[in-house]
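Reading the structure
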Amino acid sequence: MKKLTVNVGNVSIGNGGKIVVQTMCNTPTADIEASFRQCVELSNAGAQIIRLTTQGLKEVSALKVIKEMLRDKGILTPLVADVHFSYEVAHEAAKVADKVRINPGNFAKDHDIAIREFARLTDICKEHSTSIRIGVNHGSLGDRIVEKYGNTPAGMKEAAMEWIKMAENNNFDRIIISLKASNTIIMTKAYSLLHDEMLKNRVIYPLHLGVTEAGNGDEGRIKSAVGLSALLSKGIGDTIRVSLTESPLNEIPAADLIAKFFEKPGRYYTVLEKIQSGNLNFSYNTETWDEFILEAACEIGPHLLEKSIDDFSVSAFVAGQAISNHLIDNFKDNLMQAARRRFSKPEYIACPGCGRTLFNLESVFNEVKRRTSHLKGYNIAVMGCIVNGPGEMADADYGYVGEGRGKVSIYRGKTPVFRSVPESEAIDILLKLIDSDARNIVSPPQNG
Ligand code: SF4
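All values reported here derive from a predicted model rather than from experimental measurement. (Residues numbered from 1 in each chain as written. Predicted model: local features only at pLDDT ≥ 70, side-chain atom pairs only at ≥ 80, totals over all residues. Heavy atoms only, no water.)

1. A word on the packing of aromatic side chains
Summed over the entire model, instances satisfying the criterion amount to 11 aromatic pairs. Aromatic pair F118 and W163: ring centres 5.0 Å apart, planes at 70 degrees, arrangement edge-to-face. With a gap of 45 residues between them, F118 in helix 4 (residues 111-128) and W163 in helix 6 (residues 153-169) connect regions that are remote in the sequence. Each member of the pair F118 and W163 is classed as buried. Pairing Y378 with Y398 gives two aromatic rings, centres 6.1 Å apart and planes at 40 degrees, and the pair type is tilted. Of the two residues, Y378 is situated in the loop between helix 13 (361-372) and strand 17 (379-383) and Y398 in strand 18 (residues 398-404); the sequence distance between them amounts to 20 residues. A network of ring pairs unites the aromatic residues Y87, F107, F118 and W163 as a single cluster. Between the NZ or CZ atom of K332 and the centre of the ring of F312, over which it lies, the distance is 4.9 Å. (Phe/Tyr/Trp six-rings, centres within 6.5 Å; stacked < 30°, edge-to-face > 60°. Helix = DSSP H or I, 4+ residues; strand = E, 2+ residues; numbered from the N terminus. Buried < 20%, exposed > 50% of the residue type's maximum accessible area, 1.4 Å probe, protein only. Lys NZ or Arg CZ within 6 Å of the ring centre and 35° of its normal.)

Right, here's the structure in full:
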C-alpha cells in the first residue's frame with residue numbers, strides 16, 4: 001500500500017500525519033492590504049493553510065504580492081489559489097501559490113481540453129513544487145459525470161477518480177482530493193466510496209474534508225462536526241475546513257477542537273463501547289459552549305448518521321454551570337437535523353463567502369433565517385456570488401443569490417425566477433415566491 005504525504009509549502013499532509021486545519025479569506029484578493037491583514041490574523045489564530053479566491057490574472061498578481069509581504073514578515077503559512085472556470089488562471093496561479101484548487105466540474109469546457117490543460121498544469125506544478133487540490137463539489141459536478149452516474153456520491157467518486165488517473169498519467173502525485181457536499185449523508189458516502197476505491201488501487205492520496213455551505217452558528221458547527229467526525233473516526237481525512245458563514249477567524253477554533261478531539265482516539269472508542277453496551281446517557285463538562293457542542297457532535301453524530309442509535313440524552317456543565325433543558329433540547333434538535341434523522345426547522349445551505357462576495361453575507365443570511373424559520377421541510381440557500389452560487393447550491397428548493405452592487409437573484413431550484421432585484425426587497429420577494437408556490441402548485445418539499 002502506498003500512502004502519500006503531500007507537501008503544501010512547509011506543511012505536510014497525509015499518511016497518518018496530524019490533521020491540518022485550514023481556512024479561506026473572505027476579502028477580495030485584489031485588495032492586497034485587506035487580504036494581507038486577514039492572512040496575518042488567520043495565521044496568528046492558528047490557520048495552517050490559507051486559501052484565497054483567484055478568479056482572474058489580477059488576483060494572481062495580487063496573490064504574489066500578498067505572499068511576498070507575508071514572507072517578508074516571517075509568516076510562512078502556505079497559500080492556496082482557489083480557481084474556477086479558467087485553466088489559464090490555474091496555470092498562472094500555479095507559478096505563485098503553494099497549492100492550486102481546481103474544480104473538475106468547471107476546469108474546462110470539454111473533457112479533451114481538460115485532459116490537455118490539466119497536463120500542462122501538472123507540468124507547471126512540477127516546475128514550481130506546487131500541489132493541486134482536486135476539489136469536487138456535489139453541486140457542481142460536470143454534465144458528463146451527472147449523465148453517466150447521476151448527481152450522486154458515486155458520481156462524485158468517479159469524478160475524483162478520473163482526475164486522479166489524469167494526474168497519474170502525467171506522473172504527478174502532489175494531489176489532495178476533496179468531495180464536499182452540504183448534505184452530511186452525501187458527503188460522508190462520497191468520501192467513503194473514494195477511500196474504498198483508493199484502498200482497492202493500493203494508493204492512498206490525502207483527503208481534504210469539509211461539509212460545504214454548512215451555514216453558521218451552532219447549526220453550522222454541528223453539521224461540520226457530524227460530517228467530519230463520521231470520517232475522521234474511521235481514519236479517513238488528513239486536512240479539514242469548518243466552513244462557516246461568519247468571519248473566517250471563527251472557523252479556526254472550531255476546526256481545532258475537532259482536530260484535537262481526534263488526536264485522542266481512545267476517547268472515541270470509549271464512547272463506541274458505551275453505545276454498544278446500550279448506555280446512551282452522555283454527560284459533558286467543558287469550559288466553553290462550543291467545546292460542548294463540538295465534542296458531543298463528534299461523539300454522538302456519527303452514530304446517529306449511521307443509524308446505530310436513534311436517540312440519546314445529554315446533560316452538560318459549561319464553565320461550571322448546568323445547561324438548561326431548553327438549550328439541551330435545542331442542541332439535540334440541531335444534532336438530529338445535522339445527522340439527517342429528524343427535521344425540526346428549515347435546512348439552510350449558505351456559503352461562507354469569499355473574495356467574490358460583494359455584500360454582507362452573514363447579516364443577510366441571519367435575516368433570511370429569521371424570516372423563514374417557520375418553513376420546516378424546505379431547503380433554502382443563501383449564496384455569496386452569482387458565478388458559483390447557483391451551481392453550488394445543490395438541492396436547494398429556493399435560493400437567494402447575491403449578484404453584488406445591491407442586486408440579488410431569487411431562484412426556484414436551479415431556475416432564476418427574479419433577477420437583479422434590489423437587495424432591500426429580495427427577502428420579501430423570496431417569501432412571496434415560496435408562498436405563492438405553496439398555494440398554487442407543489443406540496444411542500446420533504447427533506448430526507
Ligand atoms: S458561492 Fe460563496 S464561497 Fe463560493 S465562490 Fe461564490 S461567494 Fe465564494
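Having seen the structure, we can now continue with the description.
2. Some words on the side chain of Q337
Along the polypeptide, Q337 turns up in helix 12 (residues 325-338). With relative accessibility at 6%, the residue Q337 sits in the buried group. Of note is the side chain of Q337, whose polar atom sits 3.0 Å from the backbone oxygen of K345. Setting aside residues no more than four positions away along its own chain, Q337 makes contact with R342, F343, S344, K345, P346 and E347. (Polar contact = N/O pair within 3.5 Å; in protein donor to acceptor, adjacent residues only side chain to side chain. Contact = heavy atoms within 4.5 Å.)

3. Focus: the pattern of salt bridges
A full pass over the atoms with the stated rule returns 28 salt bridges. Residues K95 and E92 are paired through a salt bridge, measuring 3.0 Å at the closest nitrogen-oxygen approach. A salt bridge links K332 to D311; the nearest nitrogen and oxygen atoms lie 3.0 Å apart. Separated by 21 residues along the polypeptide, K332 in helix 12 and D311 in the loop between helix 11 (289-305) and strand 14 (313-318) bring together distant segments of the chain. (Salt bridge = Lys/Arg side-chain N within 4 Å of Asp/Glu carboxyl O.)

4. Re the sheet that holds strand 18
Ordered by their spatial adjacency, 5 strands build an open sheet running 16-17-18-19-20, and the pairing between neighbours is mixed. Looking at the sheet topology across the chains shown, the edges are occupied by strand 16 (347-350) and strand 20 (415-422). The sheet shows a mean angle of 20 degrees between the axes of neighbouring strands, taken without regard to direction. Pairing analysis gives 6 bridges linking strand 18 to strand 19 (residues 407-412), with the strands arranged antiparallel. Of the residues in strand 19, the one forming a bridge with V401 is S409. Running at roughly 160 degrees to strand 17, helix 13 makes contact with strand 16, strand 17 and strand 18 of the sheet. (Pairing = 2+ DSSP bridges. Axes fitted to C-alpha atoms, helices over the stretch in contact; angles between N-to-C directions.)

5. Concerning the site of the ligand
The immediate surroundings of the ligand are formed by C351, G353, C354, R356, T357, G384, C385, N388 and G389. Tallied by class, the residues present in the shell around the ligand amount to 3 nonpolar, 5 polar and 1 charged. (Near = heavy atom within 4 Å. Nonpolar A, V, L, I, M, F, W, Y, C, P; charged D, E, K, R; others polar.)

6. Description of the environment of F312
Structurally, F312 is set in the loop between helix 11 and strand 14. With residues up to four places along the chain from it excluded, the contact list for F312 reads L280, F282, I300, L304, F331, K332, L335 and M336.

7. Regarding the packing of helix 8 (residues 217-232) against helix 11
Running from amino to carboxyl end, helix 8 crosses helix 11 at an angle of 45 degrees, the nearest separation of the two axes being 8 Å. Between helix 8 and helix 11, the angle is such that the two are oblique. In the crossing of helix 8 with helix 11, the sense of the turn from one axis to the other is right-handed. Here helix 8 contributes D218, R221, I222, A225, V226, S229 and A230 to the contact with helix 11, which in turn contributes W289, D290, I293, L294, A297, C298, G301, P302 and L305. A class-by-class count of the residues in the contact of helix 8 with helix 11 yields 11 nonpolar, 2 polar and 3 charged. (Parallel < 35°, antiparallel > 145°, perpendicular 65-115°, else oblique. Left-handed = near helix turned anticlockwise from the far one by under 90°.)

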